[in-house]
Amino acid sequence: MGYKLLIINPGSTSTKIGLFDDETLLFEETLRHSTEEISRYNLIVDQMDFRKELILDFLKSKNFDVKELSAVIGRGGLLKPIPGGTYKVSEALLEDLRVGKQGQHASNLGGLLAKEIAGPLGIPAYIVDPVVVDELAPVARYSGLPELPRISIFHALNQKAVAKRYAKEQGVPYDTLNLIVAHMGGGVSVGAHQGGRVVDVNNTLDGDGPFSPERTGSLPVGALVKMCFSGKYTQAEIAKKINGKGGLNAYLGTNDMRDVTRMAFEEGNQEAENVFHAFTYQVAKDIGAMSAVLCGKVDQIILTGGIAYSDRVVDEIRQRVSHISGITVYAGEDELLALAQGGLRVLKGEEEALDY
């Protein structure tokens, strides 16, 4: 009999939960929350009791006794920058989730809900590899302006999970490998993993790197400054252009690479074909840059995220970067499993739980 784990991944209008027996998913559910329900709460943290009751009611409907749980693992939120790993949900961590150390986001509820449910049961609560994981090498923080240091916000949970999966499949420790991981989803992050740390990665939220379905990635700085001071846009409108209405959305009015592929290669839309090629070009270019970070000593390139399901995308990237190293594809992302694996590594003594 394995460890029974409750996994909680809160989103803005939903709470996704999964029950695992070790790495075996017993059941999962996405609990949807209407705009009317969410609008009753002024702050995200105020939603905690509402969401907790929904989770417990669902488990009861499945005839699952929460006393069987070994641990509860929640999605990490916008905490202070921290190294990757599995963290015990401490009072200091809870306080930073409550106040929103780097901003208000539904993921902040992950650790709070985990502790609320685990506490009365006397079992541990953890978070795993939140988006604020920061392991940048000192040289990677320089941007060109002291006021604007480069920061690390990326798909840490999935990047770390697929990197460790590859290491496990090769029968070698993760911290002995040099890997380049490109996560291609609503945002695109390309990270250099060296000695078990992501020593360089683009700020995926609103910073640099390749454009993606919804985000612009790097932009011509001078032109962006002129746009900001043109008087045509508010700060909020510019921010939305960069994160939300950028990338594929800006060029083609869709955030779905499958639509772009159909438009380009079935309907003969030349602009869609150009955008498609530009996307794979930019991802490949950043993989090349991360190869330089690793001094050309790259054990493997890993392509992951939802867009990695596209053979055409993978093939175009492969043509440009296969000279660097071999390529492994782990399409999609399984956040519930990644969170469960992070908890299991601690429960099985493979890793130490970290203090926040």
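Note: the structure precedes this text.
Residues numbered from 1 in each chain as written. Predicted model: local features only at pLDDT ≥ 70, side-chain atom pairs only at ≥ 80, totals over all residues. Heavy atoms only, no water.

Student: Could you clarify how one ought to interpret the pairing of strand 3 (residues 24–32) in this entry?
Tutor: If a strand is regular, its side chains alternate between the two faces of the sheet. The pairing of strand 2 (residues 14–21) with strand 3 spans eight bridges and is classified as antiparallel. From the neighbouring strand, D21 faces strand 3, where its bridge partner is T24. (Pairing = 2+ DSSP bridges. Helix = DSSP H or I, 4+ residues; strand = E, 2+ residues; numbered from the N terminus.)

Student: How should I be thinking about the sheet that holds strand 2 in this particular structure?
Tutor: The strands that make up a sheet pair up through hydrogen bonds in the backbone, lying either parallel or antiparallel. Strand order in this open sheet of six strands is 3-2-1-4-6-5, and the pairing throughout is mixed. In the strand order of this sheet, the two ends are held by strand 3 and strand 5 (86–88), each with one partner. For this sheet the average axis-to-axis angle between neighbouring strands, irrespective of direction, equals 25°. Sheet contacts for helix 2 (residues 48–61): strand 1 (4–10), strand 2 and strand 3; angle to strand 3, the most-contacted strand, approximately 135°. In this fold helix 4 (residues 109–118) packs onto strand 1, strand 4 (71–75) and strand 6 (125–128), with an angle of close to 165° to the strand it touches most, strand 4. (Axes fitted to C-alpha atoms, helices over the stretch in contact; angles between N-to-C directions. Contact = heavy atoms within 4.5 Å.)

Student: I keep staring at the environment of V321 and nothing clicks. Help me out?
Tutor: Mapped onto the elements of the fold, V321 is located in helix 11 (residues 311–321). A relative accessible area of 1% places V321 in the buried class. For the pair V321 and K115, spaced 206 residues apart in the sequence, the C-alpha separation amounts to 44 Å. Those residues in contact with V321, other than ones at most four positions away along the chain, are A284, I287, I301 and I327. (Buried < 20%, exposed > 50% of the residue type's maximum accessible area, 1.4 Å probe, protein only.)

Student: Looking at this structure, how should I read unusual backbone geometry?
Tutor: When glycine is set aside, most residues are seen to have a negative phi, and most peptide bonds are trans. Residue D22 is not a glycine yet carries a positive backbone phi of 55°. Note that D22 resides in the loop between strand 2 and strand 3. In this model, N63 sits at a positive phi of 60°, which is unusual for a non-glycine residue. Inspection of the secondary structure puts N63 in the loop between helix 2 and strand 4. Overall, N63 belongs to the exposed group, its relative accessible area being 73%.

Student: Is there a simple way to think about the pattern of salt bridges in this case?
Tutor: When the charged atoms of two side chains with opposite charge come close together, those side chains can pair. Tallying each qualifying case throughout the model produces 17 salt bridges. One salt bridge connects R98 with E95, and the closest N-O pair in it is separated by 3.4 Å. Remark: E95 and R98 occur in helix 3 (residues 91–99); sequence separation between them is three residues, near one turn of the helix. Using a relative accessible area of 35% as the deciding quantity, one classes R98 as partly exposed. Residues E135 and K160 are paired through a salt bridge, measuring 2.9 Å at the closest nitrogen-oxygen approach. Here E135 is found in the loop between strand 6 and helix 5 (156–170), whereas its partner K160 is found in helix 5, with 25 residues between them in sequence. Comparing E135 with K160, the two get one shared label, buried. Connected via shared salt-bridge partners are R150, D200 and D208. (Salt bridge = Lys/Arg side-chain N within 4 Å of Asp/Glu carboxyl O.)

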